[in-house]
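# Observations on the model geometry
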Amino acid sequence: MLKGDWTMMRQAVVTLGLVVVPLVAGAQRKEMPVTHNARGTFTVKIAPLTPAPAEGLGRFAIDKEIHGDLEATTKGEMFSGGDPKAGMAGYVAIELVTGTLAGKHGSFALQHFATMDQNGPKMNVIVVPGSGTGELKGIAGTFTITIAGGQHSYELEYTLPE
């Protein structure tokens, strides 16, 4: 290759690099979804279901009425183990939430994982990935439950695709 050919090739690579780099950088830039907060109260009915899965485990139906920024009802099941009277127990649950959130109608599932021991209660409740339907398709988030003075309240921190 002649010296002039190298110069032209280098200019072509630099020019292509200037065109390709912004395209690649733009393709990698994703807008972060906006996080929303919903708050309100709920009532819950928990009833034993039979048969229990095994000795020492409990199985329960969960029915909630949720009010506030989320207006919904839920149906679900919970499995528990341990000795709640001694303050040492845990539960897992799945419930389907159906209603309206910020004017959008649909449903989504919540997954619960909770324990209590000498250090106190620990609870994690998340929106099950891929469970959103209707206008709530693609919802993601966490559902925080607070119990104070016998009243149940919630905060749902969530994102929805635009």
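A brief structural summary. (Residues numbered from 1 in each chain as written. Predicted model: local features only at pLDDT ≥ 70, side-chain atom pairs only at ≥ 80, totals over all residues. Heavy atoms only, no water.)

### A look at the side chain of Ser131
As a reminder, the rule being used: In this text, helices come from DSSP runs of H or I with a minimum length of four residues, and strands from runs of E with a minimum of two, each type numbered from the N-terminal end. Here a polar contact is recorded for every N or O atom pair within 3.5 Å, except that within protein the pair must consist of a potential hydrogen donor and a potential acceptor, and residues adjacent in sequence are included only if both atoms are side-chain atoms. Two residues form a contact once any of their heavy atoms are found within 4.5 Å.
Structurally, Ser131 is set in the loop between strand E6 (120–127) and strand E7 (140–148). A distance of 2.7 Å separates the side chain of Ser131 from the backbone oxygen of Val128, its partner in a polar contact. With residues up to four places along the chain from it excluded, the contact list for Ser131 reads Ser107, Phe108 and Ala109.

### As for the pairing of strand E4 (residues 88–101)
The criterion, for reference: In this description, strands pair whenever DSSP reports at least two bridges between them.
Summarising the sheet, strand E3 (residues 70–83) and E4 pair through 14 bridges and their orientation is antiparallel. Among the inter-strand pairings, Thr74 is bridged to a residue of E4, identified as Val97. Here 13 bridges tie E4 to strand E5 (residues 104–117), and the two strands are oriented antiparallel to one another. Within E5, the position partnered with Val97 by the bridge is Phe108. Linking two consecutive strands that pair antiparallel, namely E4 and E5, is a turn of two residues; a positive phi of about 50 degrees is found at Ala102 within it.

### A few points about the pattern of salt bridges
Formally: Put simply, a salt bridge is a Lys or Arg side-chain nitrogen that is within 4 Å of an Asp or Glu carboxyl oxygen. Relative accessibility thresholds used throughout: buried, under 20% of the residue-type maximum; exposed, over 50%; partly exposed, between the two (1.4 Å probe, protein chains only).
Considering all chains together, one arrives at five salt bridges under this definition. Residue Glu77 pairs with Arg59 through a salt bridge whose shortest N-O separation is 3.0 Å. With a gap of 18 residues between them, Glu77 in strand E3 and Arg59 in strand E2 (residues 57–68) connect regions that are remote in the sequence. For Glu77, a relative accessible area of 31% corresponds to the partly exposed category. Salt-bridge contacts for Lys64 lead to Glu95; the nearest nitrogen and oxygen are separated by 2.8 Å. Here the residue Lys64 occupies a position in strand E2, and Glu95 occupies one in strand E4, the gap between them amounting to 31 residues.

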